[in-house]
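Remarks on the overall topology
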Amino acid sequence: MQLIQGPGWTTSNVNTIKGEDHLGIRFVGISIADTLQSGITSITPRARYWAFFAWVLHDFLQYSQSEKSLKEFKRFLKTQEWFYILANIGWAVETKTVTNALIGSTKGVAAWESTQSAFEPVLDYVKDSFGGYGTYRNVMKIVGLTRESNADKGVQIDRMTPLGKELAESFEKSIEGTVFYQRYRHSDVPVPRDVLVEYGSVAGLSSMKYGVSKDLPILTNLFMPKESKSDRGRLRKQSLLYYMNIIRQLRGQRMSFKAWQKTMYDGYYHQKIHVPKELHTVAIGWEIYHARQMFTYSLDSIWSYGLDQMSRRIYTTSELITRVLDELKTAGYDLYQNVRQLEDLIPLQADIRQEYVQNMSSDQRNVVTHVWNALLVLLDIRHRLQNRSDFNELHRGLLTLGGRESISFQSWDHIVEQNQDELVRDFVSYILKYYILGQHQKVALNKIITTKNDTYHFVENDGKLYFINDDRPTFNVFRVNQGLTILEDLQLIKGINGSFSVTPYGQVKLDENS
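The paragraphs below set out a description of the structure included in this document.

About the cut-offs
- Residues numbered from 1 in each chain as written.
- Predicted model: local features only at pLDDT ≥ 70, side-chain atom pairs only at ≥ 80, totals over all residues.
- Heavy atoms only, no water.
- Helix = DSSP H or I, 4+ residues; strand = E, 2+ residues; numbered from the N terminus.
- Rg over C-alpha atoms; globule rule 2.2 N^0.38 Å.
- Buried < 20%, exposed > 50% of the residue type's maximum accessible area, 1.4 Å probe, protein only.
- Contact = heavy atoms within 4.5 Å.
- Core = buried A, V, L, I, M, F, W, Y, C linked by side-chain atoms within 4.5 Å.
- Arc of directions from axis to C-beta.
- Salt bridge = Lys/Arg side-chain N within 4 Å of Asp/Glu carboxyl O.

Bringing the overall build of the protein into the picture now. Along the backbone of the protein there are 21 helices and eleven strands. The C-alpha radius of gyration of the protein comes to 26 Å, within 12% of the 24 Å expected for a compact globule of 514 residues. When its C-alpha atoms are laid out on the principal axes, the protein stretches across 80 × 60 × 45 Å. Buried positions account for 53% of the 514 residues belonging to the protein.

By the element assignment, Arg388 lies in the loop between helix 16 (367-385) and helix 17 (393-400). Looking at Arg388, the relative accessible area reads 13%, which means it is buried. Ignoring sequence-local partners within four residues, the contact set of Arg388 consists of Tyr268, Tyr269, Ile284 and Glu287.

To continue, consider the nonpolar core. With 152 residues, the main nonpolar core has Trp50, Phe223, Tyr242, Tyr243, Trp260 and Leu299 as its most contacted residues. Ranked by the residues each element gives to this core, the list is headed by helix 12 (residues 280-310), at 16 residues. Excluding residues within four positions of it along the chain, Trp50 makes contact with Gly39, Thr44, Tyr136, Val139, Met140, Val143, Leu145, Leu167, Leu219, Leu222, Phe223 and Ile486.

Let us now look at helix 18 (residues 409-418). Looking at helix 18, one finds that the buried residues are Phe409, Ser411, Trp412, Ile415 and Val416. Buried residues of helix 18 fall within an arc of 160° about the axis and therefore sit on the same side.

Turning to the pattern of salt bridges, a few remarks are in order. In total, this model carries 31 salt bridges according to the counting rule given. Here Arg185 makes a salt bridge to Asp59, at a shortest N to O gap of 3.1 Å. Of this pair, Arg185 sits in the loop between helix 7 (179-184) and strand 5 (191-192) while Asp59 sits in helix 2 (residues 48-63), and the two are 126 residues apart along the sequence. Judged by its relative accessible area of 0%, Asp59 falls in the buried class. Salt-bridge contacts for Glu417 lead to Arg382; the nearest nitrogen and oxygen are separated by 2.8 Å. Of this pair, Glu417 sits in helix 18 while Arg382 sits in helix 16; the two residues are 35 residues apart in sequence, bridging distant segments of the chain. Classification of Arg382 as buried rests on a relative accessible area of 6%.

Shown next as structure tokens:
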């Protein structure tokens, strides 16, 4: 099939971007996850990085003979991190294990597999001038380890908090017996392989052990404090406990993305798992998160179907909408019932809903799987979240995230309520015109203005829609996986091939909070 290409942009300084949030609605799910699991993001999944970077910052400020400038800090930081990368790789090779989420591992592995017997510093292992610290820098502030630099007062480097200093010094105590710490950390001579392997055995991301790693108890209390002074810290801790509670009940069951999604969306609501009262808030929060994931996915499905139609021929907006309605009619759906009657099909059975969502990922897009079933899922989600007596202020706030501009749950509920007595054909027309076509044009124009990124997937010229790029429904990165990695690093759970179990230390932590 040859795709129809519309008119191109004239020469400009905008950047063409294909992998963006083309309806401007996916970030709402990210915001919900940030609320429930602040600090543990899709790119910050390893607990010990918090300790390592705290130590590097502390070591530079306290002991480095370099000028305390930002330029010198970056050089010092990247030197230390390069040897840390090699230490992790060397220890993984020694123990025949794999180190996941190690920043700079591509160049690190290439260097380790070379014939070098000792290693000089390498500073270009990642593009970020702060190295891996650029990834963890913000979350270290979120959890209270560092404070922002203050250029107005001549302070260019992030500052340590008392907690950050305590964590840095505990990491230092864990590694102070290594040859690397004693002889090489501030020297300019190449570091031998065996020195790095020893360093990795005690300092590595996967090397923490109770009774040995002095930073482990502090990191555990950082993520799961006995008492949290902030709502963010409390929710983060409760989310981690919630995952452990699910793992304990599932008893070693292998958990795929779909299994986690189904458990967290239906488990509490349908009482398929026991959730202690103190975890109800996060259990409902993550239910809303997965509702948002499926809501976004369903709108993305309708969006992708519209693009597929535009790739086949040129339409006006009204012609495209008519084409979709005609195909729905041909498929046997009654478009002259009102929306209230359509909602008689709701709620969907869980397995049917899951099947509908799964089919939206098919490359063979058709009006049933990508439009009609997507509409039913959208209505089913509204039904799930309506008039919930178990919602508290936090949950009601999550329903408002995104507002009208990014189609919050509150906005969606209002639109459906307003259209209860309208014909289904008119309701589908509204969704296509305003939630799909109009939404994309508004979002793409805003990105051109604010970021100079061109994300248009079609353009409208003289009333006609010209196809540019295709798109597919996608889920946001699943932050539960990053939370599980943190728990595994803290020795609270143990994972083997996607199956997890709670360790004795984890059992104690669950019992403390039950």
